[in-house]
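Topology and contacts: notes
Next come the chains, spelled out residue by residue.
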Amino acid sequence: MIKFFLMVNKKGQTRLSRYYEHIEINKRTTLEAEVIKNCLSRAKDQCSFIEYKDFKLVYRQYAALFVVVGINETENEMAVYELIHNFVEVLDKYFSRVSELDVSFSESK
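Residues numbered from 1 in each chain as written. Predicted model: local features only at pLDDT ≥ 70, side-chain atom pairs only at ≥ 80, totals over all residues. Heavy atoms only, no water.

In the annotation of an unreviewed UniProt entry, the protein chain is listed under the name AP complex subunit sigma and assigned to Upupa epops. In its Sequence similarities (unreviewed entry) section, the UniProt entry covering the protein chain states "Belongs to the adaptor complexes small subunit family." Of the protein chain, the UniProt comment under Subcellular location (unreviewed entry) reads exactly: "Endomembrane system". (UniProt positions renumbered as here; feature names shortened; annotations may be inferred.)

Shown next as structure tokens:
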């Protein structure tokens, strides 16, 4: 079962989060920070599956965007890995060119 779905940039900022189990807001912030730290600190040649607390993390990197899915122990990691890729492909087709841009509006004023 999928526990949560995150999209995060290389700076560690959460761009999208969706939780499928109830987690208190203050615990979500802590969880996201730890998950992001674990995924961003890994080298590109390391496996995209991480055992974390009582669940697993499956992630993929697309340019400056990381897609991270938290799953329970019984879920198939490869199926979730492919799900992430299919999700990104659908976004790319629908929006024609999906990218994560960090724009500072204070600089443009």
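Still more to cover.
1. Let's talk about the packing of aromatic side chains
Two numbers describe a pair of aromatic rings. These are the distance of the centres and the angle of the planes. Across all of its chains, the model carries six aromatic pairs by this definition. Look at F4 and Y19: their rings are 5.8 Å apart centre to centre, the planes differ by 40 degrees, and that puts the pair in the tilted class. With F4 in strand β1 (residues 2-9) and Y19 in strand β2 (residues 14-19), this residue pair connects regions lying 15 residues apart in the sequence. Y19 shares its class with F4; the two are buried. Between F5 and F87 the ring centres are 5.0 Å apart and the planes differ by 80 degrees, which places this aromatic pair in the edge-to-face class. You can see F5 sitting in strand β1 and its partner F87 sitting in helix α2 (residues 77-95), a full 82 residues away along the chain. Within the aromatic cluster, the residues linked to one another by ring pairs are F4, Y19, Y52 and F55. Positioned over the ring face of Y81 is R60, at 4.0 Å from the centre of the ring. (Phe/Tyr/Trp six-rings, centres within 6.5 Å; stacked < 30°, edge-to-face > 60°. Helix = DSSP H or I, 4+ residues; strand = E, 2+ residues; numbered from the N terminus. Buried < 20%, exposed > 50% of the residue type's maximum accessible area, 1.4 Å probe, protein only. Lys NZ or Arg CZ within 6 Å of the ring centre and 35° of its normal.)

2. What about the environment of S41?
In this fold, S41 is placed in the loop between α1 (25-40) and β3 (49-52). A polar atom in the side chain of S41 sits 3.2 Å from the backbone oxygen of N38. (Polar contact = N/O pair within 3.5 Å; in protein donor to acceptor, adjacent residues only side chain to side chain.)

3. A closer look at the pairing of strand β5 (residues 65-71)
Of all seven residues in β5, seven are buried; the element is thus mostly enclosed. Burial along β5 is two-sided: the face carrying L65, V67, V69 and I71 and the face carrying F66, V68 and G70 are both buried. Pairing analysis gives seven bridges linking β1 to β5, with the strands arranged antiparallel. In the strand pairing of β5, M7 is matched with V67. Here seven bridges tie strand β4 (residues 55-62) to β5, and the two strands are oriented antiparallel to one another. Along β5, the bridge assignment pairs V58 with V69. If you look at the hairpin formed by β4 and β5, you'll find two residues sitting between the two strands, and A63 has a positive phi there, around 55 degrees. (Pairing = 2+ DSSP bridges.)

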